[in-house]
Amino acid sequence: MSTPHDAVILAGGSAQRLGGADKPAVTVGTRTLLDRVLAACPDARTTVVVGPRRPTVRPVAWTRENPPGGGPLPALATGLRHCTQDTVLVLSADLPFLDPATVRALLGAATGADGAVLTDATGRDQPLAAAYRTEPLHRELGLLAAEHGGLAGLPLRLPLAELELSRLHRPRASLDCDTWRDVATARARIRDDGSVLDEWIAAVKAELGIELDVDRAVLLDLARDAAHGVTRPAAPLTTFLVGYAAALRGGGPEAVAEAARRAAELTARWAAEAAEVDEAGS
């Protein structure tokens, strides 16, 4: 059981290095960056997203920083007003490889300190991939606001300088997507590191709106035995999930047709994104 906690996800900003694109809505493995971060923290008592409203895979509380465009500290302070737990996850909305196991490790490492942050491949702290004790973070933000007459434009490192922090070196989980090159790297990595089936299953479940732990080995063994050898393992897994989603919606030809249509559209988007990766690498 993880430490009781809330989550604040910063999903505003101008994304200048992405040409002003709506970064949280950029997809990796057909799932938006924001939805991938939300999937990493399913146990938060309250999840607050600071930024413009967007469709999300699960319900969240929305708020906007004041002043708009004032930087990460006003956004963080605004999000914290919605939090009631003693510990809060503070995450940016562009962490494609953050996962629940890393979140649990962060929460554990924050116990006995003022917080815990991930460090990237260079050893640099990632303060927006972290878990903090809520009270010390509130305190430091309040002191800074009083000292500077507000938080707008202040760097994120200022309130953290006075906190006692633990550090976890997790280069993969701390990878963020600041540029289109970063996005292309993330899109290629999910197809090259042996996790492509896990990524595809997660995408199908999100698309069909189902929650189900899939025993991939059992399903593939069954498909192999039934078909005398499986050459395209994504196919039986996808059709299984389509059938499960249709059954949840009462079954029948209409439910099967709708689930199959949505999975087919997802397949087309997956293939289009893969083509972009191939073009970028050529």
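Residues numbered from 1 in each chain as written. Predicted model: local features only at pLDDT ≥ 70, side-chain atom pairs only at ≥ 80, totals over all residues. Heavy atoms only, no water.

## Things to note about the overall build of the chain
Link 1 in the chain: A count of helical and extended segments in the chain gives 10 helices and 9 strands.
Link 2 in the chain: For a compact globule of 282 residues, the expected C-alpha radius of gyration is about 19 Å, and the chain comes in at 21 Å, within 12% of that figure.
Link 3 in the chain: With the C-alpha coordinates of the chain rotated into their principal frame, the extents come out at 70 × 45 × 35 Å.
Link 4 in the chain: Within the chain, the proportion of its 282 residues that are buried is 47%.
Link 5 in the chain: A separation threshold of at least 6 residues defines the contact pool for the chain, and within that pool the share at least 24 residues apart is 68%.
Link 6 in the chain: Total accessible area on the chain is roughly 13900 Å²; 53% of this is exposed by carbon and sulfur atoms.
Link 7 in the chain: Both charge centroids of the chain, one from 30 positive and one from 36 negative side chains, sit 1 Å from each other. (Helix = DSSP H or I, 4+ residues; strand = E, 2+ residues; numbered from the N terminus. Rg over C-alpha atoms; globule rule 2.2 N^0.38 Å. Buried < 20%, exposed > 50% of the residue type's maximum accessible area, 1.4 Å probe, protein only. Contact = heavy atoms within 4.5 Å. Areas by Shrake-Rupley, 256 points an atom, 1.4 Å probe, with all protein chains shown as cover. Lys, Arg positive; Asp, Glu negative; His and termini not counted. Charge placed at Lys NZ, Arg CZ, Asp CG, Glu CD.)

## Side note on unusual backbone geometry
Link 1 in the chain: Unusually for a residue other than glycine, threonine 30 sits at a positive phi of about 65°.
Link 2 in the chain: Note on placement: threonine 30 falls in the loop between β2 (27–28) and β3 (31–32).
Link 3 in the chain: By relative accessible area, which is 12% here, threonine 30 ends up buried.

## Remarks on the sheet that holds strand β5 (residues 61–63)
Link 1 in the chain: Taken together, 7 strands build an open sheet; the order of strands is β5-β4-β1-β6-β8-β7-β9 and the sheet is mixed. The open sheet has two edge strands with one neighbour each: β5 and β9 (165–169). Sheet twist, expressed as the average angle between the axes of neighbouring strands with direction ignored, equals 20°.
Link 2 in the chain: Bridging between strand β7 (residues 115–119) and strand β8 (residues 125–133) involves 5 bridges; their strand directions are antiparallel. (Pairing = 2+ DSSP bridges. Axes fitted to C-alpha atoms, helices over the stretch in contact; angles between N-to-C directions.)

## Quick look at the packing of aromatic side chains
Link 1 in the chain: Going through the model one piece at a time under the given rule, you end up with 2 aromatic pairs.
Link 2 in the chain: A ring pair is formed by tryptophan 200 and tryptophan 270, whose centres lie 5.1 Å apart and whose planes are at 75°; its orientation type is edge-to-face. With tryptophan 200 in helix α7 (residues 196–208) and tryptophan 270 in helix α10 (residues 252–281), this residue pair connects regions lying 70 residues apart in the sequence. Tryptophan 270 shares its class with tryptophan 200; the two are buried.
Link 3 in the chain: The ring of tryptophan 270 has arginine 191 sitting right over it, with the charged end atom 4.5 Å from the ring centre. (Phe/Tyr/Trp six-rings, centres within 6.5 Å; stacked < 30°, edge-to-face > 60°. Lys NZ or Arg CZ within 6 Å of the ring centre and 35° of its normal.)

## What to know about the nonpolar core
Link 1 in the chain: Counting residues in each nonpolar core, the largest one holds 28 residues, and the members touching the most others are Ile9, Leu34, Val49, Leu89, Leu91, Leu98 and Leu118.
Link 2 in the chain: Broken down by secondary-structure element, the contributors of at least two residues to this core are β1 (6–10), α1 (33–40), β6 (87–92), α3 (100–110), β7 and β8.
Link 3 in the chain: If we ignore the near neighbours within four places in the chain, the residues touching valine 49 are Ile9, Ala11, Leu34, Val60, Ala61, Trp62 and Thr63.
Link 4 in the chain: Judged by nonpolar contacts, the second largest core, of 25 residues, contains Leu197, Trp200, Ile201 and Ala245. (Core = buried A, V, L, I, M, F, W, Y, C linked by side-chain atoms within 4.5 Å.)

## Concerning helix α2 (residues 72–80)
Link 1 in the chain: Buried residues dominate α2, accounting for 8 of its 9 residues.
Link 2 in the chain: Inspection of α2 places Leu73, Pro74, Ala75, Leu76, Ala77, Thr78, Gly79 and Leu80 among the buried residues, and these make up the whole buried set.
Link 3 in the chain: Those residues of α2 that are buried lie in contact with β1, β4 (47–50), β5, β6, α4 (134–148) and α5 (157–160).

## Looking at the side chain of aspartate 6
Link 1 in the chain: Within the secondary structure, aspartate 6 sits in strand β1.
Link 2 in the chain: In this structure aspartate 6 is buried but unpaired, with arginine 45 as the nearest side chain of opposite charge at 6.9 Å.
Link 3 in the chain: Here the side chain of aspartate 6 touches threonine 46 through a polar contact of 3.0 Å, landing on its backbone nitrogen.
Link 4 in the chain: Side-chain polar atoms of aspartate 6 contact the backbone nitrogen of threonine 84, separated by 2.7 Å.
Link 5 in the chain: Among all residues touching aspartate 6, those that are not within four sequence positions of it are Ala44, Arg45, Thr46, Cys83, Thr84, Gln85, Thr87, Val88 and Leu89. (Salt bridge = Lys/Arg side-chain N within 4 Å of Asp/Glu carboxyl O. Polar contact = N/O pair within 3.5 Å; in protein donor to acceptor, adjacent residues only side chain to side chain.)

## Comments concerning the environment of leucine 107
Link 1 in the chain: The topology assignment puts leucine 107 in helix α3.
Link 2 in the chain: The exposure class of leucine 107 is buried, given its relative accessible area of 2%.
Link 3 in the chain: Between the C-alpha atom of leucine 107 and that of valine 57, which follows or precedes it by 50 residues, the distance is 23 Å.
Link 4 in the chain: What leucine 107 contacts, discounting residues up to four positions off in sequence, is Ser2, Thr3, His5, Thr87, Leu89 and Ala131.

## Concerning the pairing of β6
Link 1 in the chain: Here β6 lies mainly inside the structure; 6 of its 6 residues are buried.
Link 2 in the chain: By the alternation rule, side chains of β6 split into Thr87, Leu89 and Leu91 and Val88, Val90 and Ser92, which are all buried.
Link 3 in the chain: Two strands pair when backbone bridges link them, and β1 and β6 are joined in this way by 5 bridges, in the parallel orientation. Each residue of the ladder has a partner; that of aspartate 6, found in β6, is valine 88.
Link 4 in the chain: Sheet topology note: the β6/β8 ladder contains 5 bridges and is antiparallel. Each residue of the ladder has a partner; that of valine 90, found in β8, is alanine 130.

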